[in-house]
Structure formats: structure tokens, C-alpha cells
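# Chains, contacts and geometry: an overview
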Amino acid sequence: MTFLLVILTVFVPVLLFAQGAIKWTGNGNGYYRIEDGELGVYTLPQNTKTVIASKKQLTPEGRTTPLNVRSFSFSADEKKVLLFTNTKKVWRLQTRGDYWVFDAGTGSLKQLGKNRPASSLMFAKFSPDGAKVAYVSEYNLYVEDLASGNVQQLTLDGNRKFINGTFDWVYEEEFFCRDGFRWSPDSRQIAYWQIDARKTKDYLMVDNTDSIYPFSVPVEYPIAGEPPSPFKIGVVDVATAKTQWMDIATDPVLQSYVPRMEWAGNNNELIVQHLNRYQNQSDLLLCNTQTGASKVIYTEKDSAWIDIQPLWDNDYIWGGWDWISGGKEFIWASEKDGWRHLYRITRDGKKEERITNGNYDVMEISAIDEKNGYVYFMASPGNGTQKYLYRTKLNGKGPAERVSPAGQDGTHEYSVSPTGTYARHIFSNYYTPYTNEWVSLPNHKGLNGANEVNEAIAKADKANGIEFFKVKTAEGIEMDGWMVKPKNFDPNKKYPVVFYVYTEPWGQNVRDQYGIAENFLYKGDMATDGYIYISIDNRGTPVPKGRNWRKVIYRNIGQVNIRDQAMAAREVCKWPFVDTSRIAVWGWSGGGSATLNLMFQYPDIYKTGISVAAVGSIFTYDNIYQERYMGLPQENRADYIQGSPITHAKNLRGNLLYIHGSGDDNVHYQNAELLLNELIKYNKQFQFMSYPNRTHSISEGAGTYEHLSSLYTSYLRSHCEPGGR
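Residues numbered from 1 in each chain as written. Predicted model: local features only at pLDDT ≥ 70, side-chain atom pairs only at ≥ 80, totals over all residues. Heavy atoms only, no water.

Moving on, we get to the overall build of the chain. On a plain count of helices and strands, the chain comes out with 12 helices and 43 strands. Principal-axis analysis of the C-alpha atoms places the extent of the chain at approximately 75 × 60 × 60 Å. Residue burial in the chain is summarised as follows: out of 725 residues, 59% are buried. Within the chain, contacts between residues at least 6 apart in sequence are counted, and of these 59% link residues at least 24 apart. When the accessible surface of the chain is summed, it comes to about 28300 Å², and 48% of that surface belongs to carbon and sulfur atoms. With 78 positive and 80 negative side-chain charges, the chain shows a spacing of 1 Å between the two charge centroids. (Helix = DSSP H or I, 4+ residues; strand = E, 2+ residues; numbered from the N terminus. Buried < 20%, exposed > 50% of the residue type's maximum accessible area, 1.4 Å probe, protein only. Contact = heavy atoms within 4.5 Å. Areas by Shrake-Rupley, 256 points an atom, 1.4 Å probe, with all protein chains shown as cover. Lys, Arg positive; Asp, Glu negative; His and termini not counted. Charge placed at Lys NZ, Arg CZ, Asp CG, Glu CD.)

Encoded structure:
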């Protein structure tokens with residue numbers, strides 16, 4: 001359940017490292033970057049720039065301005081550059097557009113796919129030998145020869161319901177699968193996904209604003225309880241356009257998933273992660289690309305669910321598999337000992353060895369420095385709100401060594417060079433703005449004597465009003481929280497509290513990073529106006545506190561998470577400066593659902609709620625997300641009923657503002673109408689705002705943000721009056 005507010009606050013560092021921002025040189029001693037319309041290479045440690053492609057060279061013939069490049073990639077020999085421009089959004093990201101090839105040797109600039117519709121190319125990439133480029137256009141796979149310009153169509157049957165080389169809505173949303181094909185190392189074959197959504201039912205969104213006659217917008221969308229779209233993995237011969245399909249067994253009724261697939265370090269085998277429908281068994285398969293035969297080499301089971309790597313390590317959204325020992329072993333992650341740890345597994349799966357050890361979670365893999373025998377990873381053993389770079393020996397011997405410097409308490413992000421020699425380091429904490437610097441590794445020294453992060457910490461304003469705290473409920477559950485008290489706080493007065501919630505497995509709100517406590521919807525300053533603003537992370541949120549913390553929510557969404565929040569709020573209400581008659585709660589998406597459940601299940605605590613784009617009935621949400629955390633509704637319908645806000649709507653006593661976009665392809669508008677019907681049935685008075693044809697982010701259209709922000713602020717001030725009393 002993608003969450004707008006997570007993107008805006010938690011993933012700021014990810015955006016800074018997004019595709020196209022920088023690209024490391026192959027030797028690890030520099031990076032490429034596009035600035036001011038030109039492509040340059042920056043050599044470290046001096047950070048000196050050499051122009052690779054000037055503005056003039058990046059200006060197509062007949063035009064007066066250079067290409068507006070959104071991202072770029074290099075051929076293996078770094079002599080050709082693939083430039084992505086004129087982009088269009090596909091659901092969440094700008095993944096469709098036009099591609100150009102710049103040849104640094106000849107200075108030529110050439111557009112690919114000229115005969116394809118504008119902005120229709122997706123995921124273009126060079127063949128390993130640099131002679132060809134493959135891409136997807138309108139659900140089919142193509143290869144273009146760079147020397148001759150010849151374009152060969154490799155698949156012929158693609159359409160919205162029969163998808164080659166990319167994915168349907170739910171694979172993209174819940175597995176982060178977007179780029180659906182991979183070149184073989186010898187440049188002669190391409191492995192790709194095919195998704196058959198022909199039997200997957202469409203959600204029909206109604207567009208009432210873009211035409212005199214309304215029309216429907218169909219989205220293939222399997223809800224909880226519906227089987228997923230069947231997959232196939234094929235390997236197509238570039239010369240003959242013939243596909244060999246892999247023989248991957250699946251449940252004929254329940255179906256299954258393949259969220260990851262890569263070449264297995266040679267030209268004859270693929271390695272595939274295969275999940276069962278319940279997502280609690282993961283099989284790794286080796287597939288023979290000549291015969292299609294597959295064999296299971298490694299199996300893992302969990303009594304709840306198994307998170308695939310792209311769900312917690314963003315780099316793997318774009319593919320990749322961590323082979324070591326010349327392809328004889330690979331690195332894998334598992335929570336089977338109660339913590340997320342890294343293992344090295346032999347190619348046949350018969351031997352494994354744990355690399356990381358201790359009571360902490362690996363938060364992401366930053367780099368593998370096989371030459372020196374280390375893996376770099378992010379972790380925070382002592383504080384689940386923070387994040388640090390560590391390294392440990394690939395042989396699993398010896399303790400993990402913290403690389404992030406002492407005295408830099410907060411959240412660190414790194415883009416590490418291929419050789420592990422240099423890194424771009426970005427740091428922030430709750431009082432230090434995002435600061436980046438170039439450092440050498442493993443000593444973590446600023447290049448050329450620079451010390452930007454320490455200098456930023458030294459001059460930052462620590463007295464910015466944010467406090468981190470822990471709260472323990474009457475049931476013994478201890479949770480982290482942050483709080484912003486009113487300015488000119490008087491402990492002898494009582495103040496209103498506004499809780500900001502998410503509560504589900506895709507949202508950690510309590511992080512020690514800059515801007516974490518900002519309420520972007522509020523017009524003004526909550527602290528100046530006299531609110532106490534609080535967020536608390538309950539069990540079930542993806543906090544690095546171990547498997548049991550995260551997975552206690554299994555089959556209990558809408559129950560365990562809601563109770564933890566309410567019990568924590570009860571403790572907050574005991575504070576002498578809290579006005580229990582003015583307790584508000586708000587959230588978006590999963591946080592909107594939590595807001596509804598808190599208002600309905602604990603009306604004695606929460607007096608005002610603002611819920612945005614909420615799932616009113618979890619029966620309506622997509623199968624991959626909802627079944628992962630709740631099981632199949634055919635087998636445990638009662639859990640779905642108890643977890644759904646509409647089940648408890650009859651208990652509403654406080655003030656409720658509900659907001660939804662009618663063009664929401666994620667949490668469909670149906671949820672709003674189901675909720676409204678239930679509230680109407682029980683004569684519960686509330687305020688409702690529909691934003692016509694807006695998506696889950698409610699960001700489209702003139703004046704939308706201003707209107708939404710004004711509505712939010714006005715309602716909060718009117719029903720949860722600010723200021724001490």
C-alpha cells in the first residue's frame with residue numbers, strides 16, 4: 001500500500017540517490033552527472049569535472065535546447081550513453097518516454113524507436129557488448145541494432161491484458177516490479193516476464209471531468225481473495241525471436257508469484273525467486289534456458305510472510321543478484337533466526353553460512369567489497385529510529401564494525417562506489433538539515449579535508465522543539481515516538497494533542513531525520529498555534545526491532561496495530577499537560593484506515609479525526625498486499641471483518657472529516673462510498689470531501705493542494721481548538 005507521506009518524508013534520501021542522479025564509473029574512482037544540460041565525469045578525490053557531452057552535443061538537430069534528461073545509463077565500455085527524456089508517469093513513476101543514444105567517440109546523438117509512438121519506450125538498456133538496445137513499447141519487447149538502425153520486434157502478442165517485459169498494476173505496486181526483462185551476458189538472449197491479466201477483473205474508475213460524456217478507466221486489479229495474474233518466464237533468442245519458456249510449477253487454483261528473476265552468472269541459467277500465494281514460502285530456482293527445466297535449490301518458510309528484498313532494500317527495485325566467489329555463491333537475506341541477517345549460499349543451495357550476527361536487523365546492503373572480503377550494510381542495533389553504515393567480513397567471522405562516525409547520531413544514507421573506495425554520504429537528524437559530502441572508505445574521511453556533516457551538526461539548531469520519547473502501555477509494549485510541544489509551552493496548562501499515524505507494515509513514522517515532524521497539510525505552524533503533535537510506531541510497522549515486532553500483526557491488521565496505538569494514547573493522556581477533551585488523529589492511506597479504526601474502536605480517546613484515502617473495507621484492497629499480511633479471506637473472513645473500519649463505523653462519536661480522490665487507482669473510491677453508506681445507516685454525522693478524478697496522492701489539478709490544506713487546517717482548528725488552557 002504505497003503511502004504518499006512516506007514518500008514525502010521517509011524516502012527523501014532515496015530520492016537523492018534516484019536513478020539518473022549520479023552513476024559511478026566502472027573503476028569506482030569517479031561518477032557521471034548531468035548538470036546544466038551537459039554530461040560530465042567527476043574524478044575523485046579531487047572532484048574535478050570533465051565534460052563528456054556538451055549542451056550542443058545533447059541538442060538534437062533542428063532544436064535549440066538540449067535534451068531534458070531524466071536518467072541515463074552507460075554501455076559496459078562507458079563509450080555510449082543512453083538518455084531517457086520526454087517522460088510520462090506509469091502509475092507511480094515516470095517510466096515511459098523517449099530514449100536517445102549519445103556516442104562519446106563520434107559525438108553522435110541518435111533517437112531510438114523513431115517509428116514507435118512518442119513517449120512509449122520503457123526500460124531501454126544496452127546489450128552487454130554495447131551493439132544493441134532492448135526496450136519495451138506498448139507491452140511488447142523490441143531490440144534495435146545501433147549500427148544499422150534495424151528494429152526487431154521480439155514479442156507480438158502484447159496488450160494491456162497480456163503484458164511482455166513489464167508488469168500489471170499489482171506487481172508494480174506491491175513487488176516494485178517495473179523493469180521486466182534482462183539481457184544475457186553474451187548479448188544473444190533476453191529473459192523476460194509475461195503477465196497474463198486476461199482473467200483478472202478490472203476496477204472501473206469513472207472520469208466525469210475530462211469529457212462531456214463520462215467514461216470508464218479500467219485497471220486490472222485483483223482484490224484480496226482473487227487469484228493473481230498468471231506469470232511466465234521466457235528466454236527469447238535475439239536472432240530468431242523464438243522464446244523458450246521456463247517450466248515453473250504453480251498452484252493451478254491459487255496461482256503463485258515470481259517477483260525476482262536474473263541471469264545466474266552465465267548464459268545458460270536463470271535464477272528465480274518463486275513465492276507461493278500465501279507469500280510464506282520462498283523457493284529459489286535454477287532454470288535451464290535451453291530446455292526450460294527448473295530445479296529448486298533453496299527453500300525458506302515463515303509462519304507469517306516473507307519479505308522480498310526490494311521491499312526493504314530500494315536498490316533491488318531495478319534488479320540485481322549478489323553473486324560472489326566467481327558465481328559459486330550468492331548473498332541472501334533471511335529473518336529465520338528472528339532478525340534480518342545476511343547469508344552466503346552455495347550455487348546448489350546445499351551449504352549456507354551466516355555473515356551478519358547479533359540482535360539487530362540488516363536494513364539494506366550498501367556494497368560488497370569482495371576484493372577486501374567485506375560487505376557493507378545499514379543497521380542500527382541500539383536505536384530503531386536511526387540508521388548507520390556497518391561492515392563485516394564476508395566469511396562471517398568477527399564482529400560488525402560501525403563505519404559511520406561516532407558523534408553523528410541520526411540517519412545516514414550512502415551511495416558506495418563499485419570498489420568500495422568512495423561514497424556519497426547524506427546525513428540528517430531531527431535538528432540537522434540534509435547534508436551531503438564525499439568520503440573515502442573505510443576510514444570515512446571527507447575528501448580534500450572537507451568535513452561538511454560535522455560542520456552542519458555543529459551549527460544546527462538543536463532547540464527546534466522536537467523530542468523523542470518512549471511510551472510503555474499497560475500491556476507492557478514499549479514504543480518509540482516523537483513529539484513537538486507548543487512554543488512558549490506552559491506545563492501548568494493543558495494542550496490539545498494531534499496524533500499522526502500510519503501503523504501498517506509499509507510505514508515507519510518515527511525516524512531521527514530532518515523534517516520528520518513536519519505536517520505538510522497544516523497551513524501555519526502547529527507549535528506556534530498551540531498543538532502538541534505526536535507520532536508513535538506500533539508493532540507491525542517496519543522498524544528494525546526484529547521479526548517478532550514486525551510480524552505480530554499477521555492476520556491482525558486493524559486490531560493489534562490499532563490497540564497498540566490506542567493504549568499508547570491512553571498513556572499520553574495521563575500526562576498532566578494534555579487536554580483529553582481535545583485529542584485528534586489523522587493519517588493518509590494506511591494511516592487513513594488507522595484513523596478510522598481509532599475513531600470507531602476507541603471513541604472515548606479520539607474526539608476528532610481526519611482520514612485521507614483510507615481503505616474502508618480491506619476486502620477491497622489488492623491481493624498481494626492484503627493476503628501477505630492477512631492470509632486469504634476465504635480462510636479467515638472474520639479477521640478481515642474485524643480489521644475493516646466499516647465494521648466499527650456505527651461507534652463513531654467524535655468529529656470526522658473523510659477525504660478521497662475519485663480517480664484513486666490504489667485505494668479505490670469504492671471505499672469512500674462503502675464507508676459513507678455505513679455511517680449514513682447509523683445516522684452518524686460527518687464531513688466528506690471528494691476530489692474529482694484525483695489519484696491516491698490528491699495532487700492533480702489547479703488549486704488542489706491549496707484547497708486540501710485549507711480544508712484540513714480549518715477542520716482541525718474548528719473541531720480541535722488549538723492553544724493552552
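Quick look at the packing of aromatic side chains now. Enumeration according to the criterion identifies 44 aromatic pairs in this entry. Arranged with centres 6.1 Å apart and planes meeting at 75°, the rings of Phe499 and Tyr606 form a pair that is edge-to-face. With Phe499 in strand S38 (residues 495-500) and Tyr606 in the loop between helix H8 (590-601) and strand S41 (608-612), this residue pair connects regions lying 107 residues apart in the sequence. Taking relative accessible area as the criterion, Tyr606 reaches 1% and is therefore assigned buried. (Phe/Tyr/Trp six-rings, centres within 6.5 Å; stacked < 30°, edge-to-face > 60°.)

Bringing the sheet that holds strand S23 (residues 294-301) into the picture now. Strand order in this open sheet of 4 strands is S20-S21-S22-S23, and the pairing throughout is antiparallel. A single partner strand is all that each edge strand has here, and the edge strands are strand S20 (256-263) and S23. Taken pair by pair, the neighbouring strands of this sheet meet at an average axis angle of 20°, ignoring direction. Bridge count between strand S22 (residues 281-288) and S23: 7 bridges; the pairing is antiparallel. (Pairing = 2+ DSSP bridges. Axes fitted to C-alpha atoms, helices over the stretch in contact; angles between N-to-C directions.)

In the predicted model, the chain carries a mean pLDDT of 95, and the fraction of residues at 70 or more is 97%. Contacts for the low-pLDDT stretch residues 3-20, under 50 throughout, to residues beyond four places or in other chains number 43 contacts. (pLDDT = per-residue confidence, 0-100.)

What follows is about the UniProt feature "domain: Dipeptidylpeptidase IV N-terminal" (unreviewed entry) in the chain. According to UniProt, the positions carrying the feature "domain: Dipeptidylpeptidase IV N-terminal" (unreviewed entry) are residues 75-434. The span residues 75-434 is 2% helix and 46% strand, and its two end C-alpha atoms sit 32 Å from each other. (UniProt positions renumbered as here; feature names shortened; annotations may be inferred.)

In this section: unusual backbone geometry. Between Leu44 and the following residue, Pro45, the backbone shows a cis peptide bond with an omega angle of 10°. Residue Leu441 is joined to Pro442 through a cis peptide bond whose omega torsion reads 10°. Structurally, the position occupied by Pro442 is in the loop between strand S34 (435-440) and strand S35 (445-446). Positive phi, normally seen in glycine, also occurs at Asp36, with a value near 55°. For Asp36, the position within the fold is in the loop between strand S2 (30-35) and strand S3 (38-43). The exposure class of Asp36 is exposed, given its relative accessible area of 66%. At Glu78, a residue that is not glycine, the phi angle is positive and equals roughly 60°. As for its placement among the helices and strands, Glu78 is situated in the loop between strand S5 (69-74) and strand S6 (80-90).

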